[in-house]
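# Geometric and topological summary
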There are 2 protein chains.
Amino acid sequence: MASRNISNDVHETPFSVFLWGGKEKFDGRKQILKALSSNPVFSKTAVTIPSLARKDAWKRAVAQARELIVLKHREKWTGSQFRDAVRMLDYFLPVQPQFRIFLSNLERQMSDEQKAIWVPKAERFEILGSYAQTELGHGSNVRGLETTATFDRETDEFVINSPTVSSTKYWIGATGIWATHSIVVARLIIDGKEYGNHLFLTQLRDLNTQKLMPGVEIYELGPKVFQGMVGVDNGAMQFHNVRIPRSQMLARNAQVLRDGTYVPPKNTKHSYGSMVTVRAIMAEITGYDLLKAVAVAYHYTNFRTQFWTKGQKEENTVFHYASVKYRLLPLLAKGTALVLVGQNIKRAYDDYTEVVIKTGNTSQLEDLHLQTVGAKVYSTDITANGVETCRIACGGHGYSALSGFGRMYAHTVNAVTYEGDNYVIAQQVPRAILKHYKAKTEHTVPSLSYLEFLRIPDSGSKLTVSCESDWFMPKNQKWVFERRLATLVKAHIEASEAGKDTSFTVHELTMAHCDFVYWRGFWEVIRKAVSTDFVSQLEALAHVFSLSLLQYAHKDVYAPYALTESQRKSLSSAYDRAIDTLSGYSKSIIDAYGFTEFEMDSALARADMDPYEALFAGAKDSEMNNMRDVWPDIVDARGIWGRLDKEEKAKL
Amino acid sequence: MASRNISNDVHETPFSVFLWGGKEKFDGRKQILKALSSNPVFSKTAVTIPSLARKDAWKRAVAQARELIVLKHREKWTGSQFRDAVRMLDYFLPVQPQFRIFLSNLERQMSDEQKAIWVPKAERFEILGSYAQTELGHGSNVRGLETTATFDRETDEFVINSPTVSSTKYWIGATGIWATHSIVVARLIIDGKEYGNHLFLTQLRDLNTQKLMPGVEIYELGPKVFQGMVGVDNGAMQFHNVRIPRSQMLARNAQVLRDGTYVPPKNTKHSYGSMVTVRAIMAEITGYDLLKAVAVAYHYTNFRTQFWTKGQKEENTVFHYASVKYRLLPLLAKGTALVLVGQNIKRAYDDYTEVVIKTGNTSQLEDLHLQTVGAKVYSTDITANGVETCRIACGGHGYSALSGFGRMYAHTVNAVTYEGDNYVIAQQVPRAILKHYKAKTEHTVPSLSYLEFLRIPDSGSKLTVSCESDWFMPKNQKWVFERRLATLVKAHIEASEAGKDTSFTVHELTMAHCDFVYWRGFWEVIRKAVSTDFVSQLEALAHVFSLSLLQYAHKDVYAPYALTESQRKSLSSAYDRAIDTLSGYSKSIIDAYGFTEFEMDSALARADMDPYEALFAGAKDSEMNNMRDVWPDIVDARGIWGRLDKEEKAKL
């Protein structure tokens, strides 16, 4: 148990501050954790959520949402801190969209006059908001949305309608019961002419009674898989001639004048912007979800022992088996790559936003769009698979909901689908690669260096690896990543030119491209951190990250460039060495992340009990103990067979 | 909607009968489905299980368990039919262990005198059984179990004890509330001397009151991840000097005489047998779980349309995108391989059992053990990943619990861990391979043909593929599988000889070995089916199965044997052709499996509604509609900010 080092306090070290993205973010997390973990409303041990009826879990979420409003007022949290607090509660809350998609859209898409009216109401929670885009029939393809908003010149209103079952707004967060207002995406129609999708702030419920407004039909849409997001009342919503004043079309860009004249937007990239924001945030934070699962698995597998080695008295610590270490340590490295490189992507986006505000220059948006799409696909795929790998590596006890892994998987795997399905949006990455290739502009994007191989097929030096240590040299690692990408991109170009449907293969290509992007990015981070005390830990992580990717990456390299048998072997033993080194640092890294008991929320990682004690205590707490009302039915069940025998005999 | 062909009836065609394992099994499924789907106690639409409190879900399971006892009596079901019926209800039931692990152990491990007493009681459900092996501290390593059974010569009893927290029996199915008797695995101690683990039939609860017996401490152990197995009350159990008569040690093999003399078992392989049985059953049935998920995804993606191709008026059917087809069709092929080859493994095991009964010859047990371990790892890994792939391929609506995918994943992924964790038991496959290699007995096992490459490194012809159609020839497919395995086994031998921990890499090796076993097995099945009407469908499935594996398998083949660029390309286009052909047959294959509405239990696959109608109907049915009791809290939440502002001002 020497390796357990779990508490409810956040310990500050330079390495911790670094891993959490700097002092400001580190302190922010600390403050929020303090406010939440000391407040009984947010207790994670008082109730076993997965045992509750969904209704009761949601009522709890409402109580927490109310308390968060109080905390935001008292602690003077910013919108971003409020979002962080919601995230830490794990189950999503009905108040989640308020400072995320609701206010961000009001702020970006409303005219100044509109903002003056609505933003304060939303910030003070006087209206409760949601964002209604997805329909039963269309998600990724927004052009297919069917909800209409028809301008009625007589009354100066828009009339919103759901013409078909498939136009039902579906999956709309916080809309099943909670929201009073929703930003509804609908096709604008004026005098029978269509102007495409626009946003309409629509009141859903009466502010005094919570009753639905006339013409608004809403149902809560039922449970999600894996008990995901039990704190959110997702809504299914139809509109039947719902009227809103003309002033509630969000009018920063396009407008409809009193006489019905349509004023088109000047900048067509605006709609793009909000997706880029959300994905930049995802790039920054998704990796922590993976790291949290790794931390739980790390604590547990360092506690559990199993099987004896001959001649040894004590059983072996499970973590030290290759079958565990080779699953968990690459994930520790990948999670770290995701957060460190993701932070830089988010920073680049923040810098861009500042430039736009100051100069109006949006030239970088396209590149950021590409980066954030890649990061979204890459980080969510790795995280979801990784969380489940951690659970399975914990064996049977990972299947107990008390381990917390079920909740973690439910809440990370949905990101593979939302904010753009990974297979659908992955198509944008090769599209951008090809655009640069055709325009011969790849030199403007460092992560496209490999396109050179396509122009001059035999360009670049040969791979000169002859021993294990050669594999630790960046130029050799780079050679493999570039060769592999050249191969994949070439195949993609040929398939595209032949008119083939590449929607399946683009996913693999996007992941491979991001391998290279994150590999470059990770080593760049380290170059800037050479003078720190924790550079050895970072290097150990980066080596495992690089070499774990190379185990697979090299297999895409064709003959005659393919690795020789001895190169494959030295790659494999270099990886063994890297794992071994990282294993030595693993405790200090897990400690530096320092996830608290509150954050991990797992019987496998408690401060005051070992995992077996905590699992046994969990059983003692089960609400299904002493279900005496069922006992007579069970006793009676044992008599069924005999009674039926008698009845049968009686009939004969 | 032309492609939807869902009903609640089972349609018989020669192809259907073949896919379901022959007339007897086909009819069995039909009869059970008829009995269950017409009985309101088993209705899958009356209640939305994932919305319920776990308590209520379990009470429902008790009601179903009681009704199943009635049905077994009335329909004169065999134990195996009873097991099939439990499986079809999807949530597991407390009565599940009765005809599975409880009775099978009574029958195998009890003496004839014991059986005469206990088997009829169990068959008539007069006692309700469970099997208590796993402890908090030990699962796979049975030698580490800590529960003790000490012989008390004075009273002619065993005294059962749980000496530590880690010795708590944990995960014990049907034991939290339901079972009256459990087969407890405990270390036998006589006069201070230990004789290893033995089985003890232990009464847990009073038959008239369901109250715990003296010294027996049991808790229900809390929820499982993903709402898995809500119908089972798994137990955490400790024994405090629990006394049972000597006659309740299961005494078919080892015995303890009245005077305390220990009579050791004659055959030491007996304990091995029950694992082989369970795994043989898993080999046979696991694939159907995958196929059910594929069927749901197939129905849905053939209904949904999304995005327009330029110049087309209708949106494209989602199934026809490569991103969907290349995920679902290989799974249709893999699921079919799992069931067809799995049936043969089960048949071989049944034949073996007959031989043992007739002749006592157990020489085939070791080979069957190897086959069933491989099949267990292979079928459960492919099925769990495949079910989740199906869900994700359905996009956002796959995340609704109404899709049924959440339930399917929860109940397939646990098999990756139970009956032997896949990483732990995977070690047995390379161990057996090496044993044959060292003993030069590989010729006795057809699936070890590749070991020849290791003896004569340049043996076997070179790969002579020069065009797409060459890839459809078995000899070329075989070449790749064998070369790959030779590479992996060679690496494994070298690592083992160097004393490395191979517990991680054995998983990959076992999967690769099974690729070859199932590839061989699938084509063997087809050779026997050449004269059927559906051989084209089978061949289309087998080609996609083979070529989908080869897409990855060839990457493990080293230079100088590695595929050339043009061979890789022709392999890829051969795969495209195979997918295309299978796509044409897919409807007829899905129809031949003919999963009923009851079996699929998904809003995405209803007989009388399309998926959008069913999802909307599901929302209308949500128990969270009209939660008027929460409305005042929500209305009040909008006033919180203003009140706090006022309070603050008042303080100033």
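Residues numbered from 1 in each chain as written. Chains lettered and ligands numbered in written order. Predicted model: local features only at pLDDT ≥ 70, side-chain atom pairs only at ≥ 80, totals over all residues. Heavy atoms only, no water.

How we decide: UniProt positions are given in the numbering used here, feature names are shortened, and annotations may be inferred rather than shown by experiment.
Chain A appears in an unreviewed UniProt entry as Acyl-coenzyme A oxidase from Helicocarpus griseus UAMH5409. UniProt, in its Sequence similarities (unreviewed entry) section for chain A, records the words "Belongs to the acyl-CoA oxidase family." According to the UniProt record, the Subcellular location (unreviewed entry) comment for chain A is "Peroxisome".

### Points about the environment of Gln-371 of chain A
Note the threshold: Numbering of helices and strands starts at the N terminus; helices are DSSP runs of H or I of at least 4 residues and strands are runs of E of at least 2.
Considering the arrangement of structural elements, one finds Gln-371 of chain A in helix α9 (residues 365-393). Separated by 270 residues in sequence, Gln-371 of chain A and Trp-641 of chain A place their C-alpha atoms 67 Å apart.

### A short note on the side chain of Glu-482 of chain A
All names here are of chain A. Just so we agree on the cut-off: Accessible area is worked out with a 1.4 Å probe on protein chains only. A residue is then buried under 20% of its type maximum, exposed over 50%, and partly exposed in between. For this analysis, residues touch if any pair of their heavy atoms sits within 4.5 Å.
Its place among the elements puts Glu-482 in helix α14 (residues 474-497). Residue classification places Glu-482 among the buried residues on the basis of a relative accessible area of 9%. Those residues within four positions of Glu-482 in sequence are excluded, and the remaining contacts are Ser-449, Tyr-450, Phe-453 and Phe-516.

### Some remarks on unusual backbone geometry
Residues and elements named next belong to chain B. Phi at Met-229 takes a positive value of approximately 45 degrees, unusual for a residue other than glycine. Here Met-229 falls in the buried class, since its relative accessible area comes to 12%. Phi at Lys-440 is positive, roughly 55 degrees, even though this residue is not glycine. Within the secondary structure, Lys-440 is located in the loop between α12 (428-439) and α13 (452-455).

### Describing the UniProt feature "domain: Acyl-coenzyme A oxidase N-terminal" (unreviewed entry) in chain A
Sequence positions flagged by UniProt for "domain: Acyl-coenzyme A oxidase N-terminal" (unreviewed entry) are, in local numbering, residues 14-128 of chain A. Secondary structure content for residues 14-128 of chain A is 67% helix and 0% strand, while the C-alpha to C-alpha distance between its ends is 40 Å.

### A few points about the interface of chain B and chain A
So the rule is basically this: Joining two parts hides part of their accessible area as seen by a 1.4 Å probe, and the buried area is that hidden amount summed over both. Salt bridge, as used here: a side-chain nitrogen of Lys or Arg that lies within 4 Å of a carboxyl oxygen of Asp or Glu. Any N or O atom pair separated by 3.5 Å or less is treated as a polar contact, with the protein-specific requirement of one donor-capable and one acceptor-capable atom, and with residues adjacent in sequence counted only for side-chain atom pairs. Polar here means any residue other than Ala, Val, Leu, Ile, Met, Phe, Trp, Tyr, Cys and Pro, which are nonpolar, and Asp, Glu, Lys and Arg, which are charged; Gly is therefore polar.
Each partner contributes residues to the interface: chain B has 139 residues there, and chain A has 140 residues. Taking both sides of the interface into account, the surface hidden between chain B and chain A amounts to around 12300 Å²; carbon and sulfur atoms contribute 63%. For the chain B face of the interface with chain A, the top three residues by lost area are Tyr-399, Arg-638 and Trp-641 of chain B, together amounting to 8%. Residues Arg-54 of chain A and Glu-623 of chain B are paired through a salt bridge, measuring 3.4 Å at the closest nitrogen-oxygen approach. Applying the counting rule to chain B against chain A returns 68 residue pairs in polar contact (both at pLDDT 80 or more). Sort the elements by how many residues they give to the side of chain B that touches chain A and helix α3 (residues 54-75) of chain B lands first, with ten residues. When grouped by side-chain class, the residues that make up the side of chain B that touches chain A number 58 nonpolar, 38 polar and 43 charged.

### With respect to the domain arrangement of chain A
All names here are of chain A. Spelled out, the test is: The source of the domain bounds is an automatic or database domain assignment.
What the domain assignment lists for chain A is domain 1 (101-266) and domain 2 (272-459 + 468-592). Put simply, the middle of domain 1 and the middle of domain 2, counted by C-alpha atoms, are 37 Å apart. If you sort the residues of domain 1 by the area they bury against domain 2, Arg-108, Phe-226 and Met-229 come out on top, with a joint share of 62%. Counting across the domain 1 and domain 2 interface gives three residue pairs in polar contact (both at pLDDT 80 or more). Here the residues of the side of domain 1 that touches domain 2 are counted per class, giving two nonpolar, three polar and one charged.

### Focus on the relation of the copies chain B and chain A
Convention followed: Copies are brought into register by a least-squares superposition over C-alpha atoms of residues with pLDDT of at least 70 in both.
For the pair chain B and chain A, the superposition axis carries a translation of 0.0 Å, the fit reaches an RMSD of 0.1 Å, and the rotation angle comes to 180 degrees. Here the symmetry operator amounts to a two-fold rotation axis.

### Here we look at the sheet that holds strand β7 (residues 216-220) of chain A
Our working rule: Two strands make a pair as long as DSSP finds a minimum of two bridges between them. To get an axis, a line is fitted to the C-alpha atoms, and for a helix only the part in contact is used. The angle between two axes follows their N-to-C directions and goes from 0 to 180 degrees.
Strand order in this open sheet of three strands is β4-β8-β7 (chain A), and the pairing throughout is antiparallel. The open sheet has two edge strands with one neighbour each: β4 (169-172) and β7 of chain A. Strand after strand, the sheet turns through a mean of 20 degrees between neighbouring axes, direction not considered. Here five bridges tie β7 of chain A to strand β8 (residues 235-239) of chain A, and the two strands are oriented antiparallel to one another. The residue bridging Glu-217 of chain A from the neighbouring strand is Gln-238 of chain A, located in β8 of chain A. Along the sheet, helix α19 (residues 611-620) of chain B makes contact with β4, β7 and β8 of chain A, crossing β7 of chain A at roughly 85 degrees.

### Quick look at empty space enclosed by the protein
Rolling a probe over the atoms, with the probe sized like a water molecule, indicates the empty space that remains. Spelled out, the test is: Cavities and pockets are found on a 1 Å grid laid over the protein atoms alone: a cavity is a set of points where a 1.4 Å probe fits but cannot escape, a pocket is an open set with protein on both sides within 12 Å along at least five of seven lines, and a lining residue has an atom within 4 Å of such a point. Grid points are joined across faces, edges and corners, and a volume is the space filled by probe spheres set on the points.
This structure, assessed with the given rule, holds three cavities of 30 Å³ or more. Lining the largest cavity are Ile-49, Pro-50, Tyr-91, Phe-226, Gln-227, Ala-401, Gly-406 and Arg-407 of chain A together with Lys-224, Val-225, Phe-226 and Gln-227 of chain B. Per-class residue counts for the lining of the largest cavity are seven nonpolar, three polar and two charged. Taken as a whole, the second largest cavity encloses approximately 60 Å³ of empty space. Along the walls of the second largest cavity sit Leu-52, Ala-53, Arg-54, Ala-57, Pro-223, Lys-224, Gln-227 and Val-230 of chain A together with Pro-50 and Gln-227 of chain B, which together make up its complete lining. Class assignment of the residues belonging to the lining of the second largest cavity gives a composition of six nonpolar, two polar and two charged.

### Topic: the environment of Thr-209 of chain B
Mapped onto the secondary structure, Thr-209 of chain B falls in the loop between β6 (193-203) and β7 (216-220). If near-sequence neighbours (up to four positions away) are discounted, Thr-209 of chain B is found in contact with Trp-631 and Val-635 of chain A.

### Notes on the packing of aromatic side chains
Any aromatic ring pair is given by two values, namely how distant the centres are and how the planes are angled relative to each other. Residue and element names in this part refer to chain B. Spelled out, the test is: Any Phe, Tyr or Trp ring, taking Trp's six-membered ring, that has another such ring centre within 6.5 Å forms a pair; planes under 30 degrees apart are called stacked, those over 60 apart edge-to-face, and the others tilted.
For the coordinates displayed, the defined rule picks out 62 aromatic pairs over all chains. Ring geometry for Phe-99 versus Phe-125: centroids 5.7 Å apart, planes at 55 degrees, classification tilted. Of this pair, Phe-99 sits in helix α5 (residues 98-109) while Phe-125 sits in the loop between α6 (112-123) and β1 (129-132), and the two are 26 residues apart along the sequence. Residue Phe-99 is classed as buried on the basis of its relative accessible area, which comes to 9%. Since its relative accessible area comes to 0%, Phe-125 is described here as buried. Note on Tyr-349 and Tyr-352: the rings are 6.0 Å apart at their centroids and 35 degrees apart in plane angle, and the pair reads as tilted.

### Quick notes on helix α4 (residues 79-88) of chain A
For an α-helix, 3.6 residues make a turn, and residues three or four places apart therefore share a direction. Residues and elements named next belong to chain A. The set of residues buried in α4 consists of Gly-79, Gln-81, Phe-82, Ala-85, Val-86 and Met-88. If you follow the buried residues of α4, they end up packed against α2 (23-37), α3 (54-75), α5 (98-109) and α18 (597-600). Remark: Asp-90 follows α4 within two positions and exhibits a positive phi of approximately 75 degrees.

### A word on the sheet that holds strand β4 (residues 169-172) of chain B
Strand order in the open sheet made by the three strands is β4-β8-β7 (chain B), with antiparallel pairing throughout. The open sheet has two edge strands, β4 and β7 of chain B, and neither has a second partner. For this sheet, the mean inter-axis angle between neighbouring strands, taken without regard to orientation, is 20 degrees. Along the sheet face, helix α19 (residues 611-620) of chain A touches β4, β7 and β8 (235-239) of chain B and points at about 85 degrees away from the line of β7 of chain B.

### Notes on the pairing of strand β6 (residues 193-203) of chain A
Residue and element names in this part refer to chain A. Bridge analysis of strand β5 (residues 181-190) against β6 gives nine bridges, and the strand direction is antiparallel. Its bridge partner being in β6, His-181 is matched across the sheet by Gln-203. Following β5, the chain reverses through two residues before pairing antiparallel with β6; Asp-191 in that reversal takes a positive phi of roughly 50 degrees.

### Focus: the UniProt feature "binding site: FAD" (unreviewed entry) in chain A
All names here are of chain A. As annotated in UniProt, the feature "binding site: FAD" (unreviewed entry) corresponds to Thr-134 and Gly-173 in the numbering used here. On the basis of their most widely separated C-alpha atoms, the annotated residues across 40 residues gather in one place, lying no more than 10.4 Å apart. The topology assignment puts Thr-134 in the loop between β1 (129-132) and β2 (148-152). If we ignore the near neighbours within four places in the chain, the residues touching Thr-134 are Gly-139, Thr-168, Lys-169, Tyr-170, Trp-171 and Ile-172. Checked against the element boundaries, Gly-173 lands in the loop between β4 and β5. The contact partners of Gly-173, leaving out residues within four places of it in the chain, are Pro-97, Ser-130, Val-232, Asp-233 and Asn-234.

### Focus on helix α21 (residues 640-651) of chain B
Basically, it comes down to this: To estimate how far a helix should reach, multiply one less than its number of residues by 1.5 Å. Think of it as the arc spanned by the lines of direction from the helix axis to the C-beta atoms.
Taking 1.5 Å per residue, twelve residues should reach 16 Å; α21 of chain B reaches 17 Å between its end C-alpha atoms and fits that length. Buried residues of α21 of chain B: Ile-640, Trp-641 and Leu-644 of chain B, and no others. The buried side chains of α21 of chain B occupy one side of the element, clustering within an arc of 95 degrees when seen end-on. Opposite the packed face of α21 of chain B, turned more than 90 degrees from it, sit the exposed residues Lys-646, Lys-649 and Ala-650 of chain B. Contacts made by the buried residues of α21 of chain B are with α3 and α6 (112-123) of chain A together with α20 (631-637) of chain B.

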